[in-house]
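The primary structure of each chain is shown beneath.
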Amino acid sequence: MTLGSIGEVVGGRVVGDQDLEVSGIAPAGEAGEAQIAFLASRRYLRRIAGSQCAAYLVSAELEAELAPDTPRVVVDAPYPALRTLLQQFFPAEERTPGIHPTAVIGHGVRFGSRVSVGPYAVLQDRVQVGDDVIIGAHSVLGAGTVIGARTRLYPHVVAYDDCVIGDDVIVHSGARLGADGFGYTQVDGERHKMPQVGRCVIGDGVEIGANTTIDRGSLGDTVIGEGVKIDNLVQIAHNVRVGARSLIAALVGVAGSTRIGKNVWLGGQAGVINQLEIGDGARVVVASTVMRDVPAGETVSGHPARPHREDLRRQARLGRLSHLKRRVERLEEEMRRLSSE
Amino acid sequence: MTLGSIGEVVGGRVVGDQDLEVSGIAPAGEAGEAQIAFLASRRYLRRIAGSQCAAYLVSAELEAELAPDTPRVVVDAPYPALRTLLQQFFPAEERTPGIHPTAVIGHGVRFGSRVSVGPYAVLQDRVQVGDDVIIGAHSVLGAGTVIGARTRLYPHVVAYDDCVIGDDVIVHSGARLGADGFGYTQVDGERHKMPQVGRCVIGDGVEIGANTTIDRGSLGDTVIGEGVKIDNLVQIAHNVRVGARSLIAALVGVAGSTRIGKNVWLGGQAGVINQLEIGDGARVVVASTVMRDVPAGETVSGHPARPHREDLRRQARLGRLSHLKRRVERLEEEMRRLSSE
Amino acid sequence: MTLGSIGEVVGGRVVGDQDLEVSGIAPAGEAGEAQIAFLASRRYLRRIAGSQCAAYLVSAELEAELAPDTPRVVVDAPYPALRTLLQQFFPAEERTPGIHPTAVIGHGVRFGSRVSVGPYAVLQDRVQVGDDVIIGAHSVLGAGTVIGARTRLYPHVVAYDDCVIGDDVIVHSGARLGADGFGYTQVDGERHKMPQVGRCVIGDGVEIGANTTIDRGSLGDTVIGEGVKIDNLVQIAHNVRVGARSLIAALVGVAGSTRIGKNVWLGGQAGVINQLEIGDGARVVVASTVMRDVPAGETVSGHPARPHREDLRRQARLGRLSHLKRRVERLEEEMRRLSSE
C-alpha cells in the first residue's frame, strides 16, 4: 500500500510522499526499513531511536515527537485506525464448514447451518449448535450444552453439561466452562461435597481467554454478561455474576456468589472475595485484593483494597515516616534542653 | 415437593402451609414465584428485597429477618440441609460402564469392574484402573499410572507417567498431574535441567479443580493427603506435601519442598515459598505471601505474611499515622511557644 | 551402587565403607534404610532427626552437621552431583519414532527424521517438524507452525497458527502458545476486538510449564529468548519480549508489550504491568507487583515494587511505629508537665 492509500483507509492526514510504498506494519521500534511503524504510546518513544522504518502511523498527540520531515499518517484515534488497517492487511481466513469424520456426536445433537466441527471434538447428547459456529479440534461439549450463532471455540475447550453459550462468543484453548464450584459442608464432623447443580451461562459477544475457568453455579447459575472480555488464566467461581461489558485481566480470581457490575475493570492478578457487590463502573487496580463491597464508579487499590486515593496517601505517609521520626528526635532533644535549663 | 415433605427430608421446622407445593430451589434473591429460596448468609439479605419466592429454607439464625408469616423451613445447619435436598431434587446420573471404541489402550493395562472410559482417552502401558472408575473423554494417563476405585476424571485430564491416584478422587478438566518440577542447576556456567524422577501421589477422597497443576517430585514424591480439596488454577510444586483434609482455594501457589500440615486453609491467591513448614490447622488469609514457617493453629496474613493480629495492628497504625503527625505538629508548636517565652 | 562408585561418578570424597551398597536415593528425611539421602539445604536438617538412611550425599558446607562417623559422599556442588547420579539411576527412556495412525496430518506438513507423533495429535496445514521431535498425544499445531529439532511437546499442548518453536524446547501439558492477546478498542462507543496478527516465537532451549499461556503478538511478535525457563500457570501477554536465560516462576503475569531483559528472575506470583522495561539481571521478589521500569541488576519487592532495601526499610519502619507513638506520648506528657510548671 502507499502512504496515500493508508491515509485514505484510516481517515488520516498524510505528511510526505503520498506514493511512498510500505510493505507492512509493525510496532514502533520493530518496524523494518520498508514498513510503516505504529506509534500511539509515549512509552514507545524510547524504543524508536535509530529505528529505520519507512513511515509512521502516529497519534496527533505524539506527532511532534518525530523529526518534522518524517513521512507519516496522523490520526486522532490510533487504535481504531490500526484495527481498520489490519483488517485490510490481514483479511479473515475462509473456512469450509463441515463436521470432521472423527467427531463423536451424541444422541439428539442439533446443528444450525454452516457449522464447522474439528477433528476429535466430542458433542454429548442433546447439544445444540447455532449457525456458523466453529468448534475447534478436541473440544468436548457436555450433554445439553447450547451454543449460539457465530460463536467460535478454539481447540481444547471443555464445557461441562448444560452450559449456555451465547452468540458471537470466542472461547480460547483450554478454557473450562461449568466445572464444579469449590463447595463443601460438614455433616457429623465429615466434609461432604455440595452438589453443584446450577449452570454456567455466557452472554453474547463475550471473549474468554486461554486456560480460564468459569465454574457452574452451585444452586442457581454463574452468569457472564453480554460483551464481557476475560483474559487468560482467570478464575470465576460458582454463582458469580459479571455485568455487561466488564473487563477482567489475566490471573484474576473472583470468589463465590460475588456480583460484579457493568463496565467494571479488574486489573491483572486482582482478587475479589466471596459474596461481595462491586458497583457499575468500578475499577480495581492490578494485584489488589477486594475484601469489601465497592461502590459504583470507585477505583480501589491495595491489600486489602481501599479507595485508591486513600491507598496512595497511606503509601506516601509510610514513605515520609523517616521524616516524622526525625521531627520526634528533634523534639526530644529540645525537650531535654528545656528540662535541663 | 411440598413444604411439609421438605421439612421432613431435611429435619427442619415448617412454618406455614404444609401442603404448599414448590417447584425447585434457588439462592435467595434469584428464586422464582414457585420456588423455595435458600437463605443462610446475612450478606444475602440485601438481595431478597422485592423477591417473590414461595417459601424459604432458612437458618434459625436468620429466621427473624423474614416477615413473620413467611412460609419457611427452618434448620440449624442450612448447608447440610441444602445438600440433602439437592440430592433429592437432582439424583446422580446413571452411567453405562464401557470402554469407548476410540480409546487407545497400551500394553498391560488392567481394568477393574464397571469401568467407564470416554472417547479418545489414551491409557499408556501398564496403567491400572480400579473398580467403578470414570475416565473422561481425551484424558491421557502416562505409563504405569495407578487409579483407585470410584475415582472420576473429567475430560481432558493429563497424568504423566507413574502417578498414583487414590480411591474416590475427583479430578476436573485440564488438571495436570505429575509434570516436571521447575528445577535447574548450573554446571560449568550453563543451566541444566534436574531430572524429575519422583512421583505425584494423590490420596483418597481428594478433589482437584480445573486447570490445576501438581508437579511430580524431583527426588522423592509430591504427596497430596487424604481428603484434601484443591480449587481451580492452583500450582503445587515438586516435593510439596499437603496434609490430610487441608483446603486450598483458587490461584494459590505452593513452592518446592514445602510441607503443609493437616486441616490447613490456604485462601485464594495465597502463596507459600519453598522449603517451609506450615503447621496443622494453620490458616493463610487470601492473597497473603508466606515467607516463614507458620506454627500449628496460627492465622497469618499480609505480604510478607505475619500473625493476623499483628498484621491488622500494622494496618491500623498506618491508618492512624496522620493523627500521629498532627500530634507531632502540635508538640512542635508548643515547643516553639515555650522556647520563645 | 556402592558408596565408592557413587563417589567416583560424582567426583566426591567418600567417608566410610567404600563397599557399602545403596539401593536408591531420596531427599534427606525421606530416605529408607538402604538408601542414600541427599542433603544440600540447611532447612532440611530439621527433617533428618531419627531418619535411618544408609548414607548421605552431602554438601561440604553441611557435612559437619552429621554425626562424625556417618557414611557419606561429600561434594562442593551438590545439585550438579545429584543430577549426574540421577542420570545414572534413571537413564532416559528409549522411544520408537513413528506417527500414530490416529494422528490427523494436514496438507503440506513436513517431517524431519525420527519424529514421534502421539495418538490423536492434529497437525494442520503446512506445519514443519524438525528431526527427533516428540509430539504428545492430543497436541494440536495450528497451520504454518514450525518446530525445531529435538523439541518435545507433552500431551495436550496447543499452538495456534504460525507459531515458531525452536530447537531443544520442552513444552508441558496444557500450555497454550499463540492465543489472541487481550486487545480491544472503542469505535463509536462500541468495544471492538483488535486483530492479533503477530506470532508467538519460542527460542532454543526454552522450557514451558504446564497450563502456561503465551499469547501471540498483536502487531509484531511475542518473543521468548533462548534458554528461558517458565514454570506452570504463567501468563505472558501479547508483544512481550523475554531475554535469554531468564527464569519465570509459577503464576507470574507479564502484561502487554513489556520487555524483560536477560537473566532476569521473576519470583512466583509476581506481576509486571504493560509497556515496561526490566533490565538485564533484575530480580523481582515473589508476589511483587512491578509498576515502573526496573534498572539492570536491581532487586525489587513489594506492592508496588520498590528497590528491595527501600521496601525492607518501609516494612521495618511500620514495625517500629508503636515505638514512635510511645515517644510522642512521652513528649506530650513532659510538655504538659513543663506547661503546668
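None of these values were measured; they are calculated from a predicted model.

Visitor: Is there a simple way to explain the interface of chain C and chain A in this structure?
Guide: Many descriptions give the size of an interface as the accessible area lost when the pieces come together. With 69 residues of chain C in contact, the opposing surface of chain A contributes 67 residues. Taken together, both faces of the contact between chain C and chain A bury some 5600 Å²; the carbon and sulfur share is 60%. Inspection of the chain C/chain A interface yields seven salt bridges. Glu332(A) is the partner of Arg327(C) in a salt bridge, and the nearest nitrogen-oxygen pair spans 2.8 Å. Put simply, chain C and chain A have 35 residue pairs in polar contact (both at pLDDT 80 or more) between them. Looking at the side of chain C that touches chain A, the elements with two or more residues in it are β20 (184–187), β21 (190–193), α3 (308–319) and α4 (321–340) of chain C. For the side of chain C that touches chain A, the class distribution of residues is 31 nonpolar, 22 polar and 16 charged.

Visitor: Teacher, can you tell me more about empty space enclosed by the protein here?
Guide: Empty space among the atoms becomes visible once a probe the size of a water molecule is rolled across them. Applying the stated rule across the entire model yields four cavities of 30 Å³ or more. Computed from the structure, the largest cavity encloses a volume of approximately 740 Å³. At the level of elements, α3 (308–319) of chain A, α3 (308–319) of chain B together with α3 of chain C are the ones that each hand at least two residues to the lining of the largest cavity. For the lining of the largest cavity, the residue count by class is twelve nonpolar, 17 polar and nine charged.

Visitor: What am I meant to see in the relation of the copies chain C and chain A here?
Guide: Copy one and copy two of the chain differ by a rotation about an axis and a translation along that axis. Mapping chain C onto chain A calls for a screw motion: a turn of 120° about the axis and a shift of 0.0 Å along it, with 0.1 Å RMSD after fitting. Put plainly, the chains are arranged around a three-fold axis.

Visitor: Can you help me understand α3(B) in this one?
Guide: Quick reminder: α-helices carry 3.6 residues per turn. Residues three or four places apart thus point the same way. With twelve residues, α3(B) should reach 16 Å at 1.5 Å per residue; the first-to-last C-alpha distance of 17 Å fits that figure. Of the positions making up α3(B), those classed as buried are Asp311(B), Arg314(B), Arg317(B) and Leu318(B). Viewed end-on, α3(B) has its buried residues packed into an arc of 125°, placing them on one side of the element. In this fold, the buried residues of α3(B) make contact with α3 of chain A, β37 (299–302), β38 (305–307) and α4 (321–340) of chain B together with α3 and α4 of chain C.

Visitor: Just checking my understanding: could you explain the interface of chain B and chain A for this structure?
Guide: Taken together, the 67 residues of chain B in the interface contact 69 residues of chain A. When chain B packs against chain A, close to 5600 Å² is buried across both sides, 59% of that on carbon and sulfur atoms. By the criterion of area lost to chain A, the three top residues of chain B are Arg47(B), Arg83(B) and Met335(B), representing 11% of everything that side buries. On inspection of chain B and its partner chain A, the count reaches seven salt bridges. Of the charged contacts, one joins Glu277(A) and Arg47(B) as a salt bridge, the two residues approaching to 2.7 Å between their closest N and O atoms. At the junction of chain B with chain A, the criterion picks out 36 residue pairs in polar contact (both at pLDDT 80 or more).

Visitor: Honestly, the domain arrangement of chain A in this entry has me stumped. Any pointers?
Guide: When its domains are assigned, chain A resolves into domain 1 (3–89) and domain 2 (99–310). Spacing between the C-alpha centres of domain 1 of chain A and domain 2 of chain A amounts to 38 Å.

Visitor: Please explain the packing of α3(B) against α3(C) as it appears in this structure.
Guide: Across the interface, α3(B) lies against α3(C) with an axial gap of 9 Å and an inter-helix angle of 90°. Put simply, α3(B) runs roughly perpendicular to α3(C). Residue-level inspection shows Arg314(B), Arg317(B) and Leu318(B) of α3(B) in contact with α3(C), the latter providing Gln315(C), Leu318(C) and Gly319(C). Looking at the contact of α3(B) with α3(C) residue by residue, the class counts come to two nonpolar, two polar and two charged.

Parameters and conventions
Within any chain, residue numbers begin from 1 and follow the written order of that chain's sequence. To read the labels, note that chains go from A and ligands from 1, taken in the order they are written. Local features are withheld for residues below a pLDDT of 70 in this predicted model, meaning they are given only at 70 or higher, and side-chain atom pairs are given and counted only at 80 or more; totals for whole chains, interfaces and linings count all residues. For side-chain calculations, the full set of non-hydrogen atoms in the structure is used, while hydrogens and water are omitted. Contacts are residue-level and defined by heavy atoms, with any inter-residue pair within 4.5 Å sufficient. Note: buried area is the sum, over both parts, of the accessible area (probe 1.4 Å) each one loses when the two are combined. Salt bridges are counted wherever a side-chain nitrogen of Lys or Arg sits within 4 Å of a carboxyl oxygen of Asp or Glu. Pairs of N or O atoms are called polar contacts if they sit within 3.5 Å, as long as, within protein, a hydrogen donor faces a hydrogen acceptor (for residues adjacent in sequence, only side-chain-to-side-chain pairs). Counting from the N terminus, the helices are the DSSP runs of H or I reaching at least four residues and the strands are the DSSP runs of E reaching at least two. Gly is put with the polar residues, along with every residue not named as nonpolar or charged; the nonpolar set is Ala, Val, Leu, Ile, Met, Phe, Trp, Tyr, Cys and Pro, and the charged set is Asp, Glu, Lys and Arg. Here a cavity is any set of points on a 1 Å grid over the protein atoms alone where a 1.4 Å probe fits but cannot get out, and a pocket is any open set with protein on both sides within 12 Å along at least 5 of 7 lines; a residue lines the site when it has an atom within 4 Å of a point. Grid points are joined across faces, edges and corners, and a volume is the space filled by probe spheres set on the points. All copies are superposed by least squares; the fitting set is the C-alpha atoms of residues with a pLDDT of at least 70 in both. Each residue after the first adds 1.5 Å to the expected span of a helix. To sort residues, take the accessible area from a 1.4 Å probe on protein chains only and compare it with the maximum for the residue type: under 20% means buried, over 50% means exposed, and anything in between is partly exposed. As used here, the arc is the angular range of directions from the helix axis to the C-beta atoms. Boundaries between domains were set according to an automatic or database domain assignment. To get an axis, a line is fitted to the C-alpha atoms, and for a helix only the part in contact is used. The angle between two axes follows their N-to-C directions and goes from 0 to 180 degrees. Our angle categories are set so that under 35 degrees counts as roughly parallel, over 145 as roughly antiparallel, 65 to 115 as roughly perpendicular, and the remainder as oblique.

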